[in-house]
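Understanding the architecture of this molecule
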Amino acid sequence: MSRKRKAPLKCDNSVSDADDSSLDEDYVAVDTSHEVEFNIPQQLKLLLENDSFYIQRRNMLIKLPKSPNVFSLLQEYYNYCYCRVTHGMSVKSLSLLKEVLDGILTYFDFTLYDHLLYAPERKQYENVVKKRVHIVMPTTDNSDKEAPSTAQFCSDNSELPSRIYGVEHLLRLFVVLPGFLARTKMPQEHSTELQQYIEDFLMYLCSQTHLFNKDRYEELPLLL
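Residues numbered from 1 in each chain as written. Predicted model: local features only at pLDDT ≥ 70, side-chain atom pairs only at ≥ 80, totals over all residues. Heavy atoms only, no water.

**Observations concerning the confidence of the model for the chain**
For clarity, the cut-off: Each residue carries a pLDDT value, the predictor's own confidence for that position, ranging from 0 to 100. We call two residues in contact whenever any of their non-hydrogen atoms come within 4.5 Å of each other.
Per-residue confidence for the chain gives a mean pLDDT of 76; residues scoring 70 or more make up 69%. When the criterion is pLDDT under 50, residues 1–32 qualifies, and its contacts beyond four places in sequence or with other chains add up to 58 contacts. The model gives residues 131–155 a pLDDT under 50, and that stretch makes 47 contacts with residues more than four places away or in other chains.

Structure representation (structure tokens):
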């Protein structure tokens, strides 16, 4: 079944001179029969709204590289959950979490430039990321029943977007991710599990208030 769905984030076509069009006015036809909807906490929705306002209306940019970056945020969350294995979280749940986090990391690195950047951020990307790299899909060995160690989370590559961008752009991914996942025709059971893992992660982000300090932005340089 297909219906008209509001496009809450359209970074790739936003901001041009005196264009005053609202993102909320953009509608696209999306097949929603297999779509996973994430419940984004109000605190994070406000962050997304403020982020859009500062970049599109105040001519500001998020300072790069970010610390912590997306890779570090996911790694820290995995470590946090790893410590909970002896407090109710099962080894199987931890292994599934690793798969989810690996998937988030891969989606982020593949989609950032085309789907997660506002127009003024494109030039910044080109200046900060000096070269494009080949991204290898992470693999998971499901035969290992033991809890994966933190060192197994993912290999390091300092040129990937996930090592440069932070929580602001990661949140944008969760806005557009349902549309990507809808194309995979994921079974309902898996969709429900994924939704729970991601919403738990979003609640965790809400508790990390240090990520949302007010000096995250800088003025848009004239050369951009």
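Now that the structure is up, let's keep going.
**A few points about the nonpolar core**
Going by this rule: The criterion is simple. A nonpolar core is a set of buried Ala, Val, Leu, Ile, Met, Phe, Trp, Tyr and Cys residues joined through side-chain atoms within 4.5 Å. Categorising residues by exposure relies on relative accessible area from a 1.4 Å probe, with only protein chains included: less than 20% of the type maximum marks a residue as buried, more than 50% marks it as exposed, and the intermediate range marks it as partly exposed. Counting from the N terminus, the helices are DSSP H or I runs at least four residues long and the strands are E runs at least two residues long.
In this structure, Ile 104, Leu 170, Leu 171, Phe 174, Ile 198 and Leu 205 are the most contacted members of the largest nonpolar core, which totals 49 residues. Put simply, the parts of the chain that give this core at least two residues each are helix 1 (42–56), helix 2 (70–82), helix 3 (91–115), helix 5 (167–182) and helix 6 (188–207). The element contributing the most residues to this core is helix 5, with 10 residues. Among residues more than four places away in sequence, those in contact with Leu 170 are Val 70, Leu 73, Ile 104, Phe 108 and Phe 201. Listed in part, the 5 residues of the second largest apolar core include Ile 55, Met 60, Tyr 118 and Tyr 217.

**A closer look at the pattern of salt bridges**
Short version of the rule: Only one rule defines a salt bridge in this text: a Lys or Arg side-chain nitrogen within 4 Å of an Asp or Glu carboxyl oxygen.
For the coordinates displayed, the defined rule picks out 5 salt bridges. One salt bridge connects Asp 102 with Lys 98, and the closest N-O pair in it is separated by 3.0 Å. On the criterion of helical spacing, the pair formed by Asp 102 and Lys 98 is a turn pair, its members being 4 residues apart in helix 3. Of the charged contacts, one joins Glu 121 and Arg 172 as a salt bridge, the two residues approaching to 2.7 Å between their closest N and O atoms. Placement of the pair is Glu 121 in helix 4 (residues 119–128) and Arg 172 in helix 5, with a sequence separation of 51 residues. Accessibility expressed as a relative area gives 0% for Arg 172, which makes it buried. In this structure, a network of salt bridges that share partners links the residues Asp 51, Glu 121 and Arg 172.

**Re the packing of aromatic side chains**
Aromatic ring pairs are defined here through the distance separating the ring centres and the angle between the ring planes. Inclusion rule: Aromatic pairs are defined between Phe, Tyr and Trp rings, using the six-membered ring for Trp, whenever the two ring centres lie within 6.5 Å; interplanar angles under 30 degrees are classed as stacked, those over 60 as edge-to-face, and all others as tilted. Only Lys NZ and Arg CZ are tested; either one counts as a charge over a ring when it is within 6 Å of the ring centre and within 35 degrees of the ring normal.
Inspection of the entire model under this criterion finds 13 aromatic pairs. An angle of 55 degrees between the planes, with centres 4.8 Å apart, marks the rings of Tyr 77 and Tyr 204 as tilted. Of this pair, Tyr 77 sits in helix 2 while Tyr 204 sits in helix 6, and the two are 127 residues apart along the sequence. You'll find Tyr 77 and Tyr 204 in the same group, each marked buried. Seen in terms of ring centroids, Tyr 80 and Tyr 204 are 5.2 Å apart; in terms of plane orientation they differ by 35 degrees. Their pairing is tilted. Separated by 124 residues along the polypeptide, Tyr 80 in helix 2 and Tyr 204 in helix 6 bring together distant segments of the chain. Assessed through its relative accessible area of 13%, Tyr 204 is described here as buried. Here the aromatic residues Phe 38, Tyr 77, Tyr 80, Phe 174, Phe 201 and Tyr 204 are joined through ring pairs into a cluster of three or more. Arg 122 extends its terminal NZ or CZ atom over the ring of Tyr 113, reaching a point 4.9 Å from the ring centre. Note that Arg 163 overlies the ring of Phe 71, its terminal NZ or CZ placed 4.1 Å from the centroid.

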